[in-house]
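Analysis of the macromolecular model
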Amino acid sequence: MTLFEVLERFQTMDRRWVFLGMAISIVAPMLFPFNLGFKVDERVQSLYDTIETLPPGSTVLVSADFDPASLPELEPFFRANLEHLFRRDLKVVVLSLWESAPPVVKPLLRRVAERHDKAYGTDYVFLGFKTGKELAIKGIGENIFKTFPEDIEGTKITSLPIMQGFKQAKDFPLLVSVSAGFPGTKEYVLQIQGQYDLTMISACTAVSAPDYIPFYKAGQLRGLSGGMPGSAQYEKLVFPDGPLPGERLLATQAVNVLNLGHLYIIGLIILGNVAWLLTRPRAAAGGSA
Amino acid sequence: MPTTEIVGAWISIFLTLCIFSYLYDDNPIYKLVEHLFLGVSIGYSVVEAYFGAFKPNVINKLADGQLTPLVALVLVLMLFSKVIPRFSYLARIPIAFIVAAFAGVKLTGEANSNLMTQVAQSMPNLAAVYAEHGLWSWDADGAGLFSSLFLVAGLSACLLHFYFSAPHQRGMKVVSRFGVLVLMLSFGASFGYTVMGRISLCIGRVQEMLGLNRPIDEAEIIQPQLATLVSLVVIVGSLVVWRVQQSRQRGAEG
Amino acid sequence: MRRTAPLVVTFVVGVIMVGEYFIPHYRYRMITAELIEWGLVLAAAAFVLGLINLVQVNLPKVIRREQDWAYKLVMLIALVCTITAGALGGKDRLGDGQIYKWIFDFLFTPLNATMFSLLAFYIASAAFRAFRARNVDAALLLGAAVVVMIARVPIGESIPVIGDYLPKIMNWIMDVPNIAARRAIFIGAALGAVATGLRVILGIERSHLGSDG
């Protein structure tokens with residue numbers, strides 16, 4: 001078999017071999033972990049600093065807009081963010097525009113709040129899910145009591161101490177958008193951030209990050225955490241001494257697995273291009289010999 | 001830890017591998033769990049839509065004696081008339097309502113945040129940028145006069161690339177070409193981030209199968225690695241049986 | 001009447017919603033908040049409409065035992081079980097020990113997450129088979145992608161000498177060419193949204209009202 005034939009066959013090999021390589025590049029670093037350090041980028045640092053500057057006792061609005069598919073990227077951020085907010089003695093109002101977020105948010109919120117001895121309804125509340133996408137965001141901007149008349153437990157939110165004096169989004173000194181896509185950070189920026197000049201930070205999936213960077217650069221977002229590396233960097237800032245007893249830092253653990261996955265894809269691109277370049281002249285001249 | 005949770009965790013791992021079996025080939029196990037997913041997700045969306053909007057914003061408000069939700073209720077009934085062909089024209093009113101509401105909020109939102117703010121932020125104060133970073137500053141990730149001008153030129157070129165009212169000839173062709181190159185750089189960056197996102201999702205599934213996404217004590221009770229191994233054996237066995245059956249069928253037909 | 005009434009509703013609701021931006025008075029916002037609330041309820045009702053449609057399409061196929069009827073039956077059973085579990089759970093449906101929560105945690109979550117994670121494998125396959133540096137455009141795209149992929153993970157920072165510069169180059173790509181391109185797309189999309197919004201509100205665009213609308 002000539003080199004040309006080998007390369008041609010290589011280019012058209014069964015894609016399941018490529019799949020197998022991908023699986024190995026993900027599983028192997030988990031079974032045999034290695035840790036490379038990483039720096040915190042300016043956008044994540046700015047996100048962290050924005051929360052740090054809030055005076056204790058302030059009430060933060062958190063929009064948890066994700067689903068199980070985006071949990072690996074966003075749950076570590078959300079977990080660390082709740083820890084950060086409660087540790088800073090801030091009050092937290094959480095809501096969601098994605099129907100599949102509440103079952104994840106509710107237990108996590110309760111667990112972190114209990115660790116900090118926070119009381120439901122006074123120090124934190126979960127308003128649950130609302131349909132309507134951009135209309136719901138507009139409603140949050142205009143009148144939260146009307147958009148979310150009840151919290152997830154069915155309690156009227158007008159009766160909750162934490163909600164007193166917080167009728168619309170602009171009453172909150174900070175809006176945190178944990179966003180897996182539509183509706184999420186972009187819609188918040190379009191519908192209410194600009195209109196009410198809200199102070200807003202965002203954690204988004206890697207796919208959305210390039211879209212949101214212009215918002216950060218234009219000052220519409222004060223901080224931005226993109227994908228798993230962003231979550232890992234935020235974990236590094238919130239948990240500088242490592243994970244809490246019995247817990248794990250999921251993004252920090254996973255970000256090193258990304259190394260091999262990325263190298264594998266880059267390797268495939270290079271190999272595919274080299275094989276193509278070497279076979280191109282003869283293929284163009286009339287196919288294999 | 002309740003037994004239902006342990007059984008659930010094992011089922012979860014089994015279903016994960018059932019979906020991954022699609023990578024081998026489209027097969028009955030995958031099709032089965034795919035339809036299971038469809039049923040569960042649609043059912044879940046309906047339940048959450050009811051408890052998330054219909055109950056608090058209509059039923060409970062009506063129970064409190066408020067009357068305005070009656071209008072919403074009438075609109076909903078008109079929307080449902082879509083399933084009865086004779087009265088389906090009534091559904092146009094709620095559809096018109098919702099489309100107009102979205103059009104209204106999109107119009108001002110896009111004009112304010114995507115148009116005005118983005119345009120306003122695109123022209124930097126060149127003197128201030130030069131005073132702070134000079135022509136190019138490695139310490140500030142390449143910020144400086146060059147990057148500021150590149151940004152304005154790139155943005156203008158991209159916009160002109162999408163301007164089709166003038167033929168793309170001579171000077172316009174050069175500008176348009178520069179716009180395409182800038183777009184390619186951006187799409188390349190997007191591709192890089194997309195790869196990262198997709199691999200991250202896969203990492204999440206493998207973390208579950210290896211028990212790395214749970215607190216350590218929970219993982220010791222559930223034994224997710226054993227669940228993965230058992231599921232793998234069951235699924236591979238089923239796929240082998242399926243393949244053998246398929247080849248027998250083909251043999252009988254041939 | 002069948003044609004005019006929807007157009008009037010579109011115009012009135014659209015103008016009121018646009019006016020909300022320009023009239024920041026609380027009385028006016030009481031009106032728009034009410035309209036928004038009705039919109040939220042309608043959006044929720046659309047889910048139910050989808051459900052009715054799904055059953056209308058699939059149930060006859062199961063009854064007639066058409067091709068793949070068994071899979072469709074599984075789908076309908078899963079649908080009924082989930083809705084029943086949610087209805088029985090009521091406002092406590094997301095609490096510990098609830099069947100509905102169990103369905104979410106151990107059926108919905110793994111299926112949803114794994115469906116999307118399949119894409120990692122197909123991206124790998126596409127990277128190998130389709131991404132060729134055939135011209136300058138494609139080479140730039142691939143170059144930017146490779147820089148981002150290396151620099152965004154810890155290994156990029158660990159490479160001797162160039163490891164210091166890779167993240168800076170990546171940040172430059174993200175902050176300069178990426179922003180230039182995205183802003184152009186945003187501005188174009190915003191102009192499109194404004195134009196379409198006006199067409200809808202003024203009744204020039206009527207496709208949402210059906211063929212004889």
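The present account deals with the structure reproduced in this document. The residue count restarts for each chain, going from 1 along the sequence in the order it is written. As they are written, the chains are lettered A onward and the ligands numbered 1 onward, keeping that order. Local features are withheld for residues below a pLDDT of 70 in this predicted model, meaning they are given only at 70 or higher, and side-chain atom pairs are given and counted only at 80 or more; totals for whole chains, interfaces and linings count all residues. In computing side-chain values, all of the structure's heavy atoms are included and hydrogens and water are not.

**Some details on the overall build of chain B**
Per the convention used, a helix needs a DSSP run of H or I reaching at least four residues, while a strand needs a run of E reaching at least two, with both numbered from the N terminus. Within chain B one finds nine helices and zero strands. In sequence order, chain B lays out its α and β elements as α-α-α-α-α-α-α-α-α. Only C-alpha atoms enter the radius of gyration, while the globule expectation follows 2.2 Å times N to the 0.38, with N the number of residues. Over its C-alpha trace chain B gives a radius of gyration of 29 Å, far above what one expects of a compact globule, namely 18 Å for 254 residues. Counting only C-alpha atoms, chain B reaches 70 × 55 × 55 Å along its principal axes. Once local pairs closer than 6 in sequence are excluded, the contacts in chain B between residues at least 24 apart make up 43%. Reported accessibility uses the Shrake-Rupley method at a 1.4 Å probe radius. Residues are deemed covered only where the shown protein chains occlude them. Of the accessible surface of chain B, which amounts to about 11,900 Å², a share of 67% is contributed by carbon and sulfur atoms. Pairs of residues are marked as contacts when any of their non-hydrogen atoms sit within 4.5 Å.

**Overview of the pairing of strand 3 (residues 124-129) of chain A**
All names here are of chain A. Burial classes follow relative accessibility: with a 1.4 Å probe on protein chains only, a residue under 20% of its type's maximum area counts as buried, one over 50% as exposed, and anything between as partly exposed. In terms of burial, strand 3 is a largely internal element, six of the six residues being buried. Two elements, strand 2 (residues 91-96) and strand 3, share four bridges in a ladder whose sense is parallel. Bridge assignment links V94 to a residue of strand 3, and that residue is F126. Consider the strands pointing away from the viewer: the crossover is right-handed when the path from the first strand over the helix to the second runs clockwise. In this view, the connection linking strand 2 to its parallel neighbour strand 3 by way of helix 5 (residues 102-115) has right-handed handedness. A pair of strands is labelled paired if DSSP reports no fewer than 2 bridges between them.

**Observations regarding empty space enclosed by the protein**
Residue and element names in this part refer to chain A. Residues are said to line a cavity or pocket when one of their atoms sits within 4 Å of a point; the points come from a 1 Å grid over protein atoms alone, cavities being sets where a 1.4 Å probe fits but cannot get out and pockets being open sets with protein on both sides within 12 Å along at least five of seven lines. Grid points are joined across faces, edges and corners, and a volume is the space filled by probe spheres set on the points. Tallied over the full model, the rule gives four cavities of 30 Å³ or more. Here the largest cavity is characterised by a volume of approximately 60 Å³. As for the largest cavity, its lining consists of P76, R79, A80, R115, E235, F239, L244, E247, R248 and L249. With three residues, helix 4 (residues 71-87) is the single largest residue contributor to the lining of the largest cavity. Taken together, the residues that form the lining of the largest cavity break down as five nonpolar, no polar and five charged. For the second largest cavity, the calculated volume is near 50 Å³. All amino acids are sorted into three groups, where Ala, Val, Leu, Ile, Met, Phe, Trp, Tyr, Cys and Pro are nonpolar, Asp, Glu, Lys and Arg are charged, and the leftover types, Gly among them, are polar.

**Concerning the interface of chain B and chain C**
Between chain B and chain C, the residue contacts involve 110 residues of the former and 107 residues of the latter. The buried area of a pairing is the accessible area, by a 1.4 Å probe, that goes missing from both parts when the two are put together, added over both. For the pair chain B and chain C, the summed buried area comes to about 10,200 Å², and 79% of that belongs to carbon and sulfur atoms. A pairing counts as a salt bridge when a side-chain nitrogen of Lys or Arg comes within 4 Å of a carboxyl oxygen of Asp or Glu. Our count for the contact surface shared by chain B and chain C stands at three salt bridges. Here E37(C) makes a salt bridge to K61(B), at a shortest N to O gap of 2.5 Å. Any pair of N or O atoms that falls within 3.5 Å is considered a polar contact. Within protein, one atom must be able to donate a hydrogen and the other to accept it, and sequence-neighbouring residues count only if both atoms are side-chain atoms. Counting across the chain B and chain C interface gives 21 residue pairs in polar contact (both at pLDDT 80 or more). Contributing elements (two or more residues each) for the side of chain B that touches chain C: helix 1 (3-20), helix 2 (28-63), helix 3 (69-80), helix 4 (92-120), helix 6 (145-161) and helix 7 (170-209) of chain B. When residues of the side of chain B that touches chain C are assigned to their parent elements, the largest contribution, 27 residues, is made by helix 2 of chain B.

**Comments concerning the interface of chain C and chain A**
Many authors give the size of an interface as the accessible area that is lost as the parts come together. If you look at the interface, chain C gives 55 residues, while chain A gives 69 residues. When chain C packs against chain A, close to 5,600 Å² is buried across both sides, 66% of that on carbon and sulfur atoms. The largest share of the area that chain C buries against chain A comes from L40(C), F128(C) and R152(C), three residues that together contribute 13% of it. Applying the counting rule to chain C against chain A returns eight salt bridges. At the boundary of chain C with chain A, the tally comes to 24 residue pairs in polar contact (both at pLDDT 80 or more). At the level of elements, helix 1 (4-22), helix 2 (26-63), helix 4 (99-129), helix 5 (136-151), helix 6 (154-158), helix 7 (162-175) and helix 8 (177-201) of chain C are the ones that each hand at least two residues to the side of chain C that touches chain A. Here the element with the most residues in the side of chain C that touches chain A is helix 4 of chain C; it accounts for 16 residues. Across the side of chain C that touches chain A, the residue classes tally to 31 nonpolar, nine polar and 15 charged.

**Some words on the pattern of salt bridges**
Side chains bearing opposite charge may pair, as long as their charged atoms lie close to each other. This model, assessed by the stated rule, comprises 32 salt bridges over all chains. Among the salt bridges present, the one from E52(A) reaches R88(A), with a minimum N-O distance of 3.9 Å. Of this pair, E52(A) sits in helix 3 (residues 42-52) while R88(A) sits in the loop between helix 4 and strand 2, and the two are 36 residues apart along the sequence. For E52(A), a relative accessible area of 31% gives the class partly exposed. Ionic pairing is found between R93(C) and E48(B), a salt bridge with its closest N-O pair at 3.0 Å. In this pair, R93(C) is assigned in the loop between helix 3 (69-89) and helix 4 and E48(B) in helix 2, connecting two distinct chains. You'll find R93(C) and E48(B) in the same group, each marked buried.

**Focus on the layout of surface pockets**
One water molecule sets the probe size; rolling that probe over the atoms shows where empty space is left. Put simply, the largest pocket is a space of about 1,200 Å³. In terms of lining, the largest pocket is formed by 44 residues, of which the most central are R111(A), R214(B), E218(B), K101(C) and D105(C). Elements with a contribution of two residues or more to the lining of the largest pocket: helix 4 and helix 5 of chain A, helix 1, helix 7 and helix 8 (216-222) of chain B together with helix 4 of chain C. Ranked by residue count, the leading element in the lining of the largest pocket is helix 4 of chain C, at eight residues. A class-by-class count of the residues in the lining of the largest pocket yields 19 nonpolar, nine polar and 16 charged.

**Quick word on the sheet that holds strand 5 (residues 200-204) of chain A**
Residue and element names in this part refer to chain A. If you walk across this open sheet you meet the six strands as 3-2-1-4-5-6, and the pairing is parallel. Sheet topology places strand 3 and strand 6 (223-226) at the edges, where each strand pairs with a single neighbour. The average undirected angle you get between the axes of adjacent strands in this sheet is 15°. With six bridges connecting them, strand 1 (residues 59-65) and strand 4 (residues 174-179) associate as parallel partners. Looking at the pairing, D65 lines up with S179 of strand 4. The sheet strands contacting helix 4 are strand 1, strand 2, strand 3, strand 4, strand 5 and strand 6, and the helix crosses strand 4 at an angle near 160°. All axes here are fitted lines through C-alpha atoms, helices being fitted over the stretch that makes contact, and every angle between N-to-C directions spans 0 to 180 degrees.

**Some words on the packing of helix 2 of chain B against helix 4 of chain C**
Following both chains from N to C, one finds helix 2 of chain B and helix 4 of chain C inclined at 125°, their axes separated by 10 Å at the closest point. Compared by their axis directions, helix 2 of chain B and helix 4 of chain C come out oblique. For the pair helix 2 of chain B and helix 4 of chain C, the crossing hand works out as left-handed. Contact residues: Y30(B), V33(B), E34(B), L36(B), F37(B), V40(B), S41(B), Y44(B), V47(B) and E48(B) in helix 2 of chain B; Y100(C), I103(C), F104(C), L107(C), F108(C), L111(C), N112(C) and M115(C) in helix 4 of chain C. Class assignment for the residues of the contact of helix 2 of chain B with helix 4 of chain C results in 14 nonpolar, two polar and two charged. For this classification, under 35 degrees means roughly parallel, over 145 means roughly antiparallel, 65 to 115 means roughly perpendicular, and everything else is oblique. For any helix crossing, the convention is left-handed if the near helix is rotated counterclockwise from the far helix by under a right angle, and right-handed if that rotation is clockwise.

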